[in-house]
Amino acid sequence: MDLADLPSCRACALSETRQRVVVGSGPAASGLLVVGEAPGRHEDEGGEPFVGRSGQLLVRLISEELGLVRAQYFITNAVKCRPPHNRTPRVSEVASCRPWLETQIVALRPRWLLAVGNVAARAVFGFDDGISRTHGLVAHWGDVPGVATYHPAAALRGGPNVVDVMRADLRALRSLGI
Ligand code: URA
Ligand code: SF4
């Protein structure tokens with residue numbers, strides 16, 4: 001697949017309600033690739049991933065635990081178009097979009113992966129179990145190692161405990177040599 005065709009993809013019904021395909025942003029050879037769930041309203045309007053409140057929290061935690069600022073890693077989502085009313089993407093939508101994620105991983109050749117939230121954890125690492133069982137484990141996409149953590153939206157709802165768990169998951173990622 002040609003990433004030049006991603007901004008005009010119509011492979012699933014999310015193309016009918018989106019404003020913009022949110023491809024991702026960051027340096028081409030960044031080392032760390034962060035994969036979220038799907039664009040929200042701000043991302044759908046602006047075309048950049050993780051710019052809303054969730055994104056700000058995630059960027060802060062990555063900075064504090066991994067010492068990386070946003071410009072030092074690539075961020076994208078498992079699903080590139082906003083689901084209506086921010087509903088969870090359907091399994092079929094994640095499946096439709098997965099070839100794009102795979103194409104991006106092959107093109108970016110990351111050294112480490114961070115999957116953010118249950119949808120991304122399943123899409124990137126193929127977990128059957130939910131995020132409460134898989135967060136913090138070292139997993140792989142091909143031979144690229146990584147870790148999954150909770151979505152920052154869960155931390156915004158769930159308070160400091162979720163933030164502490166996310167910090168511990170990020171330290172598990174750091175222990176891979178970032
Ligand atoms: N939540 C996500 O998972 N991704 C975004 O880009 C924004 C919010
Ligand atoms: Fe294409 Fe993915 Fe958007 Fe569906 S969500 S239209 S598969 S880019």
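Residues numbered from 1 in each chain as written. Chains lettered and ligands numbered in written order. Predicted model: local features only at pLDDT ≥ 70, side-chain atom pairs only at ≥ 80, totals over all residues. Heavy atoms only, no water.

Engineer: I keep staring at the overall build of the chain and nothing clicks. Help me out?
Structural biologist: If you tally the helices and strands in the chain, you get seven helices and five strands. Starting at the N terminus, the α and β elements of the chain follow one another as β-α-α-β-α-β-α-α-β-β-α-α. Here the C-alpha radius of gyration of the chain, 15 Å, is about what a compact globule of 178 residues would show, namely 16 Å. Taken along its principal axes, the extent of the C-alpha atoms in the chain is 40 × 35 × 30 Å. For the chain, the proportion of its 178 residues judged to be buried stands at 51%. (Helix = DSSP H or I, 4+ residues; strand = E, 2+ residues; numbered from the N terminus. Rg over C-alpha atoms; globule rule 2.2 N^0.38 Å. Buried < 20%, exposed > 50% of the residue type's maximum accessible area, 1.4 Å probe, protein only.)

Engineer: What should I look at first to understand the sheet that holds strand β1 (residues 32-36) in this one?
Structural biologist: Two pairing modes exist for strands in a sheet, parallel and antiparallel, and in both the strands are linked by backbone hydrogen bonds. The strand order β2-β1-β3-β5-β4 describes an open sheet built from five strands, whose pairing is mixed. Two strands in the sheet have a free side with no partner beyond their single neighbour: β2 (74-77) and β4 (138-141). Shown here is a sheet whose adjacent strand axes are inclined to one another by a mean of 30°, direction ignored. Taken together, the four bridges between strand β3 (residues 112-116) and strand β5 (residues 144-149) define a ladder with parallel strand orientation. Note on β5: the bridge partner recorded for Leu 113 is Gly 146. Lying over the sheet, helix α4 (residues 118-125) contacts β1, β3, β4 and β5, oriented at roughly 140° with respect to β3. (Pairing = 2+ DSSP bridges. Axes fitted to C-alpha atoms, helices over the stretch in contact; angles between N-to-C directions. Contact = heavy atoms within 4.5 Å.)

Engineer: Which parts of the structure should I look at to understand the packing of aromatic side chains?
Structural biologist: Each aromatic ring pair is described using two quantities: the centre-to-centre distance and the angle formed by the ring planes. Applying the stated criterion across every chain, the model contains one aromatic pair. Judged by centre distance (5.7 Å) and plane angle (50°), the ring pair of Phe 125 and Phe 127 falls under tilted. Accessibility assignment for this pair places Phe 125 and Phe 127 in one class, buried. (Phe/Tyr/Trp six-rings, centres within 6.5 Å; stacked < 30°, edge-to-face > 60°.)

Engineer: How should I be thinking about the pattern of salt bridges in this particular structure?
Structural biologist: For side chains of opposite charge, pairing can occur when their charged atoms come near one another. In this structure the tally under the stated criterion is eight salt bridges. Between Arg 167 and Glu 64 there is a salt bridge, with its nearest N and O atoms 2.8 Å apart. Pair noted here: Arg 167 is in helix α7 (residues 160-174) and Glu 64 is in helix α2 (residues 53-66), with a separation of 103 residues, a long-range link. We classify Arg 167 as buried; its relative accessible area is 18%. What emerges from the salt-bridge pattern is a single network uniting Arg 60, Glu 64, Glu 65, Arg 167 and Arg 171. (Salt bridge = Lys/Arg side-chain N within 4 Å of Asp/Glu carboxyl O.)

Engineer: Would you take a moment to explain the site of ligand 1 for this structure?
Structural biologist: Taken together, the neighbourhood of ligand 1 is formed by Gly 36, Glu 37, Ala 38, Glu 43, Pro 49, Phe 50, Asn 77 and His 151. Contacts to ligand 1 include Phe 50, whose backbone N or O atom sits 2.9 Å from an oxygen atom. Within the side chain of Asn 77, one N or O atom sits 2.7 Å away from a nitrogen atom of ligand 1. Taken together, the residues of the shell around ligand 1 break down into three nonpolar, three polar and two charged. (Near = heavy atom within 4 Å. Polar contact = N/O pair within 3.5 Å; in protein donor to acceptor, adjacent residues only side chain to side chain. Nonpolar A, V, L, I, M, F, W, Y, C, P; charged D, E, K, R; others polar.)

Engineer: Explain the site of ligand 2 to me, please; I cannot follow it from the model alone.
Structural biologist: The environment of ligand 2 is made up of Leu 6, Cys 9, Ala 11, Cys 12, Ser 15, Arg 18, Val 79, Lys 80, Cys 81, Ser 96 and Cys 97. Broken down by class, the residue content of the shell around ligand 2 amounts to seven nonpolar, two polar and two charged.

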